[in-house]
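Structure at a glance
Read off the chains here:
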Amino acid sequence: FTEESVRITSSALKFYAIGMFPLGIRQVFIRIFYSLGNMKTPVINGVLSILINIGLNYLFYYTTNMGISGVALATSISSVITLLLLYLSLKNRFQQVKLEGIRNIIFHISIISVIIVAISKLINIRFHDIPIKFIPENIISGESFIFLVSIIVAILIYLILIIVFNVDNFKTNLKDYLSEMWRKN
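How each quantity is defined
Residues numbered from 1 in each chain as written. Predicted model: local features only at pLDDT ≥ 70, side-chain atom pairs only at ≥ 80, totals over all residues. Heavy atoms only, no water. pLDDT = per-residue confidence, 0-100. Helix = DSSP H or I, 4+ residues; strand = E, 2+ residues; numbered from the N terminus. Core = buried A, V, L, I, M, F, W, Y, C linked by side-chain atoms within 4.5 Å. Buried < 20%, exposed > 50% of the residue type's maximum accessible area, 1.4 Å probe, protein only. Contact = heavy atoms within 4.5 Å. Phe/Tyr/Trp six-rings, centres within 6.5 Å; stacked < 30°, edge-to-face > 60°.

A word on the confidence of the model for the protein. As a general rule, the predicted coordinates of low-pLDDT regions are not to be interpreted in detail. For the protein, the mean per-residue pLDDT works out to 78, and 76% of the residues sit at or above 70. Per-element confidence in the protein is highest for helix H2 (residues 40-63), whose mean pLDDT is 91, and lowest for helix H6 (residues 170-184), whose mean pLDDT is 67.

If you want it as structure tokens, here you go:
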């Protein structure tokens, strides 16, 4: 794994990160459709997602010379578009479903995600050229180490901000998960 590999991977992950949240929410919406007995809409949405992704992959990979980063960006854009389509379908077909709570969660997590991306970028910019002398170069390169540190810091800050923003059900789900883990041990 060379410095160039780290740069390419880092670039692709930045673009994939844009679509991770919409992809997760899309899966929740798909489960809502299934629970309401509507299997057709998620299947149509999945086909649309594939077609949009293929088209955008071609566009970004071949016409913009973005390479693998273009593929990642295409996947993220496809996730956002198909999430919006599912949201509109859910809103139009099932008027009785309350979406206000979901919107609040989406809003809070979106703010948290923007903060995380900004902090990760600052870490990478600030520490990019600092030589890491306490780790031998044959174990991990300095750039790879900084990349790893920025991921760990991002995860920790993400969890802290979810608690601070009091994202619905996170604390309850975390307590349930931890109590289940203790019971198993």
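So that's the structure; there's more coming.
A word on the nonpolar core. Across soluble globular proteins, nonpolar side chains show a tendency to be buried alongside one another. The biggest cluster of nonpolar side chains holds 11 residues, and these are Phe21, Ile25, Phe29, Ile30, Ile32, Phe33, Leu83, Leu86, Tyr87, Leu90 and Ile109. Broken down by secondary-structure element, the contributors of at least two residues to this core are helix H1 (3-35) and helix H3 (68-93). With 6 residues, H1 is the single largest residue contributor to this core. Contact partners of Leu83, with chain neighbours within four places excluded, come to Pro22, Ile25, Arg26 and Phe29. In terms of nonpolar packing, the next biggest core, distinct from the first, is built from 6 residues, Ile116, Ala154, Leu161 and Ile162 among them.

Considering all chains together, one arrives at 3 aromatic pairs under this definition. On the numbers, 6.1 Å between centres and 25 degrees between planes, the contact of Phe29 with Tyr87 is stacked. Here Phe29, found in helix H1, pairs with Tyr87, found in helix H3; they are 58 residues apart in sequence, far enough to count as distant. For the residue pair Phe29 and Tyr87, the accessibility class agrees, reading buried in each case. Ring plane angle 85 degrees and centroid distance 4.9 Å describe the contact between Tyr61 and Tyr62, whose orientation is recorded as edge-to-face. Site record: aromatic cluster; members linked through ring pairs are Tyr58, Tyr61 and Tyr62.

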